[in-house]
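Listed below are the residues making up each chain.
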Amino acid sequence: MEYLIGIQGPDFVLVAADNVAASSIIQMKHDYDKMFKLSEKILLLCVGEAGDTVQFAEYIQKNVQLYKMRNGYELSPSAAANFTRKNLAEYLRSRTPYHVNLLLAGYDDADGPSLFYMDYLSSLAKTPFAAHGYGAFLTLSILDRHYRPDLTREEAVDLLKMCIAELNRRFILNLPSFNVRVIDKEGIHDLEKISAGTKTDTN
Amino acid sequence: MALEDICGFKYTPAYRKVFSDAFFKETTTSHPMTDFYTLQTEKLRNSGRDSATPLHFFVPTVPNSVPFSSRPSSNNSLAVHRPFPLSHGTTTLAFIFQGGIIAAADTRASAGGLVANPDIQKISPVHSHLVVTSSGSGADCMQWERLLAREIRLYQLRHRRRLSIQGTAKLLSFMLHPFKGTEVCVALILCGWDKEAVTTDCAKKADSSCISGDNSSPAGHHITVSPACHNRGPKLIYVCSDGARLQGDIFSVGSGSPYAVSVLDVGLRWSLSKEEAVSLAREAVFRATHRDAYSGNNVDIFHVTARGWSQRQREDLKEEYYREKKREAMIVEQRKRLTELDFAG
């Protein structure tokens, strides 16, 4: 139902998420933002069960900010990802596991851009590209085929548009629009939303 | 967790029930706090009387040893057996337009196939500028509305200002969170008007999911306050017992909601006059009650503006049905006359 995608370049990470907040068969909102800003250069994209997503993501967000307040410097993306995974793992075998699937994207001044894939069983993997949701079945092979480690930003956006075009072509659910953001050494930037009517080069 | 320590979450009854071994090893037991707010800020003190904590309800304990077996659900053999099905089924809607907020709901409480009560009130005021529409289980909604009203009144008394609508929604959502996975079924739309500029600590931290568009400037580290945090004016927030909390401009909740929301989507514009908005809301509820068996009887309409809420007189949808029939008959008549004229002329 929901879709997240992340593509890492040599000095940036591009992430996109759909905008639908659904409740059974109804779209309650069609402009819902699934990205949570953990710090100036880290974004957490979170999908999953209704209340769990916001509760868990806000919990992580506040804890990352608390760390900064206590220690004076921010957590690196890798540290934030491992912290998130640890929390998810602890709650996994409790009476209230959080059913959330996450992508954590960030830029570290020392290590460069990074993209982490996490799922509800709290597995963690650092990958050059990743996707969540039923849409991932359709788009991961496109990413496998066309991804290169030295993509420019325009090429990454084109690759993203290729994936979204495939979703519009073959996925039975309608995902009308997607939020797109880029993280680089200057921080988080909003890019133009991709909607169903957007012209894509491959079409 | 660090946040748990600061919030004193370890001393809440919800924590005790969930992590009971850990709790009893750490501290001596003491009586729960009197309300949700004081759980978070004050040290524990012994209170002799039975406190009316919202969290101090009986949460049915169910063995849940396998992770990701579904949370305790109704087909669990240890669930409490009910003498009759809970009242469910409703149509409620709310939308924002230039003249404020219109909230409308039907008045039928159904219990399975029985109309348990044909005229209950599903929209209740919480304070002068906040009205709540309820759907889901009737008993749960009544309970949680009262708890919410109590909590915000206490907040107002303590802090000498009214909690913002978003704050109210968050408070309600956190109060409902311990009951996630139980049979509590509550889906509320908070329709309110924020009179004061909401200056929460949005300004200080890189807060929340409102990411402002200004981050593209290379100067970079100034944190701009996202616009939602400063808005006065109308707010609609949907809060549900699974934990969802959504802010938006148009919501419809309940078994009749798909029928109502489609009528609203077609007819709704920002520039509607108050009368047009009211009649759109009435028609949406009417269409939903026509198609949905679990909604019906009358329609209640509330209008919320900067000056507060006002309630229209309850209208019987039976009349609306006959008026609609008459209107349709007239339109058919007119069309017939026009085609006859065309033939003649």
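Here the structure is shown first, and the text comes after it.
Once a new chain begins, its residue numbering starts again from 1 and follows that chain's sequence as written. The order in which chains are written sets their letters, starting at A; the order in which ligands are written sets their numbers, starting at 1. Totals for whole chains, interfaces and linings use all residues, but because this is a predicted model, local features are given only for residues with pLDDT of at least 70 and pairs of side-chain atoms are given and counted only at 80 or more. Only heavy atoms go into the side-chain values, all of them from the structure, while hydrogens and water stay out.

Draft legend 1. Local environment of the overall build of chain B. Within chain B one finds 9 helices and 14 strands. Long-range contacts, defined here as pairs at least 24 residues apart, represent 67% of the contacts in chain B between residues at least 6 apart. Note on areas: these come from Shrake-Rupley sampling with a 1.4 Å probe, and a residue is covered only by the protein chains present in the view. Roughly 18100 Å² of accessible area belongs to chain B as shown, and the carbon and sulfur atoms make up 55% of that amount. Under the scheme used here, helices are H or I runs from DSSP no shorter than 4 residues and strands are E runs no shorter than 2 residues, and both carry numbers assigned from the N terminus. By definition in these notes, contact holds between two residues if any of their heavy atoms fall within 4.5 Å.

Draft legend 2. How the structure looks around the packing of aromatic side chains. When two rings of Phe, Tyr or Trp (its six-membered ring) have centres within 6.5 Å they constitute a pair, described as stacked for plane angles under 30 degrees, edge-to-face for angles over 60, and tilted for the intermediate range. A full pass over the atoms with the stated rule returns 11 aromatic pairs over all chains. Ring geometry for Phe-286 of chain B against Tyr-321 of chain B: centres 6.4 Å apart, planes inclined by 50°, an arrangement best described as tilted. Placement of Phe-286 of chain B in helix H8 (residues 274–291) and of Tyr-321 of chain B in helix H9 (residues 317–344) is noted, with a sequence separation of 35 residues between them. An aromatic cluster of at least three residues, connected via ring pairs, comprises Phe-56, Tyr-91 and Tyr-98 of chain A.

Draft legend 3. A look at the pattern of salt bridges. By definition, a salt bridge exists where a carboxyl oxygen of Asp or Glu is found within 4 Å of a side-chain nitrogen of Lys or Arg. Taken as a whole, this structure holds 32 salt bridges over all chains when the rule is applied. Linking Glu-58 of chain A and Lys-170 of chain B is a salt bridge whose minimum nitrogen-to-oxygen distance equals 3.4 Å. Of this pair, Glu-58 of chain A sits in helix H1 (residues 50–71) while Lys-170 of chain B sits in helix H6 (residues 165–176), on two different chains. Classification of residues uses two cut-offs on accessible area relative to the type maximum, computed with a 1.4 Å probe and protein chains only: under 20% is buried, over 50% is exposed, and between them is partly exposed. For Lys-170 of chain B, a relative accessible area of 28% translates into the label partly exposed. We note a salt bridge from Arg-148 of chain A to Glu-155 of chain A, for which the minimum N-O separation is 3.0 Å. Note on Arg-148 of chain A: relative accessible area 37%, which makes it partly exposed. Its relative accessible area of 32% is what places Glu-155 of chain A among the partly exposed residues. Look at the salt bridges and you will find they share partners, linking Glu-283, Arg-287, Glu-320, Arg-323, Glu-324 and Arg-327 of chain B into a network.

Draft legend 4. Molecular detail of a nonpolar patch on the surface. In this scheme, patches are assembled from residues that exceed 30% relative accessible area and form no salt bridge. Like charges are connected within 9 Å, while nonpolar side chains (Val, Leu, Ile, Met, Phe, Trp, Tyr) are connected within 5 Å. Among the surface-exposed residues, Met-1, Tyr-134, Phe-137, Ile-172 and Leu-173 of chain A lie close enough to one another that they form a single nonpolar patch of about 640 Å² accessible area. Structurally, Leu-173 of chain A can be placed in the loop between helix H4 (153–170) and strand E11 (177–184).

Draft legend 5. Main features of unusual backbone geometry. You will see that Ser-24 of chain A, though not glycine, has its phi angle at about 50°, which is positive. In this structure, Ser-24 of chain A sits in the loop between strand E3 (21–23) and strand E4 (26–29). Although it is not a glycine, Asn-297 of chain B sits at a positive phi angle of roughly 70°. Within the secondary structure layout, Asn-297 of chain B lies in the loop between H8 and strand E12 (298–305).

Draft legend 6. Representation of the environment of Gln-166 of chain B. Residue and element names in this part refer to chain B. Checked against the element boundaries, Gln-166 lands in helix H6. Relative accessible area serves as the criterion here: at 24%, Gln-166 is assigned to the partly exposed category. Along the backbone, Gln-166 and Glu-151 are 15 residues apart, and their C-alpha atoms lie at a distance of 14 Å.

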